[in-house]
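# Residue-level structural notes
This is what each chain is made of:
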Amino acid sequence: MLYSIETSDGFSRRNRGERDFLVELKDHTLNVDSRLRNEAQALLATELRYQGLCKEEFRAKRRLEVADLRSKRTSPYIPVADKQTLGPFTFGTVNGKRTRKEADPHFAQGGQPKVYDYIPPRTFVAEEALDPQEIPVTWLHEFSEYLFMSLLLPYDPAHFIADKLEGLARKVLINFAWRDIREHQPAPVKGD
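Residues numbered from 1 in each chain as written. Predicted model: local features only at pLDDT ≥ 70, side-chain atom pairs only at ≥ 80, totals over all residues. Heavy atoms only, no water.

## Focus: the sheet that holds strand 7 (residues 123-127)
What the four strands build is an open sheet, ordered 4-5-7-6; its pairing is mixed. Pairing within the sheet leaves two strands with one partner each, and these edge strands are strand 4 (81-86) and strand 6 (110-111). Sheet topology places strand 6 next to strand 7; two bridges connect them, and they run antiparallel. Counterpart to G111 in the pairing with strand 7 is V125. Across the sheet, helix 5 (residues 134-150) touches strand 4, strand 5 (89-94), strand 6 and strand 7, and the angle it forms with strand 7 is around 140°. (Pairing = 2+ DSSP bridges. Helix = DSSP H or I, 4+ residues; strand = E, 2+ residues; numbered from the N terminus. Contact = heavy atoms within 4.5 Å. Axes fitted to C-alpha atoms, helices over the stretch in contact; angles between N-to-C directions.)

Here it is in structure tokens:
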């Protein structure tokens, strides 16, 4: 069966509310975030392996695949770059392509150690291929999800709340900031 591959501006889609968008497989078309177009074939193969599974089946199959990759890794954790610390917490970026290849084929925008055992303790990561404006809101999502899970909330409700906080942050930090910058641009000088 043939599949076509299209790209989308993932930054815009996530700002419009599709916060989990990275790839989407529909009607024999893989739509992938344009920043990940070089990984389209590998992402398509991963999506096809999981197509049609219910949430429980998906999670079970994913756990097996991640465990298999874990057994092949030489280090328990993925490398984290651009580290910044805030008290006992570390925020950084990861190479998503490498993470998907070596640790988790479904790694998306970010992660935290209560969900992913390949992320170091008290560390919150964002995919380095994201638009730089998205990295802080991804960290906010992961950090808030971590805090709610630390309060013994299961993943699904913690993710739901973190998603709502991320949506608010995107509206405030990204949309407002760009509008504010455009409104305060100096007027062009006549004669230039």
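## Observations regarding the layout of surface pockets
Considered as a void within the structure, the largest pocket measures approximately 1400 Å³ in volume. In this structure, the largest pocket is lined by 50 residues; those nearest its centre are F58, R62, H106, Y116 and Y155. At the level of elements, helix 1 (10-15), strand 2 (23-26), helix 2 (40-50), helix 3 (55-72), helix 5 and helix 6 (155-183) are the ones that each hand at least two residues to the lining of the largest pocket. By residue number, the principal contributor to the lining of the largest pocket is helix 3, which donates eight residues. Of the residues assigned to the lining of the largest pocket, the class counts are 19 nonpolar, eight polar and 23 charged. Put simply, the parts of the chain that give the lining of the second largest pocket at least two residues each are helix 2 and helix 4 (96-102). In terms of residue count, helix 2 provides more of the lining of the second largest pocket than any other element does, five residues in total. A class-by-class count of the residues in the lining of the second largest pocket yields four nonpolar, one polar and five charged. (1 Å grid on protein atoms, 1.4 Å probe; cavity = no way out; pocket = protein on both sides within 12 Å on 5 of 7 lines; lining within 4 Å. Points joined across faces, edges and corners; volume = space filled by probe spheres on them. Nonpolar A, V, L, I, M, F, W, Y, C, P; charged D, E, K, R; others polar.)

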